[in-house]
Amino acid sequence: MTNNPAGLTSTDYLDGAQEMHAAGRPYLAHLLAEVAAQRTTDPATAHSIRAQFPDPTRKD
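What comes next concerns the included structure. (Residues numbered from 1 in each chain as written. Predicted model: local features only at pLDDT ≥ 70, side-chain atom pairs only at ≥ 80, totals over all residues. Heavy atoms only, no water.)

## Considerations on a nonpolar patch on the surface
- Nonpolar side chains collect at one region of the surface, where Tyr27, Leu28 and Leu31 lie side by side and expose about 250 Å² of accessible area between them.
- Inspection of the secondary structure puts Tyr27 in helix α2 (residues 26-39).
- Note on Tyr27: relative accessible area 43%, which makes it partly exposed. (Patch = residues over 30% accessible without salt bridge, like charges linked within 9 Å, V, L, I, M, F, W, Y side chains within 5 Å. Areas by Shrake-Rupley, 256 points an atom, 1.4 Å probe, with all protein chains shown as cover. Salt bridge = Lys/Arg side-chain N within 4 Å of Asp/Glu carboxyl O. Helix = DSSP H or I, 4+ residues; strand = E, 2+ residues; numbered from the N terminus. Buried < 20%, exposed > 50% of the residue type's maximum accessible area, 1.4 Å probe, protein only.)

Here it is as structure tokens:
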């Protein structure tokens, strides 16, 4: 792990999202997953990440 956020990868953010989800922190999981999705180059992968961690404050 790095102290420089610019050095973090999509996988690093996704790992953090999974940890926050497991810890019962859905909003932080969503935020970290959104960064992971933004850092990926594949639109299908980004969509999949967003689907796994939907915005917990959104009421559809």
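There is more to say, and it comes next.
## Considerations on the environment of Pro56
- Summarising the element assignment, Pro56 is placed in the segment after α3 (43-52).
- With relative accessibility at 33%, the residue Pro56 sits in the partly exposed group.
- Along the chain, Pro56 and Pro5 lie 51 residues apart, while their C-alpha atoms are 25 Å from each other.
- Apart from residues no more than four positions distant in its own chain, Pro56 is found in contact with Pro26, Tyr27 and His30. (Contact = heavy atoms within 4.5 Å.)

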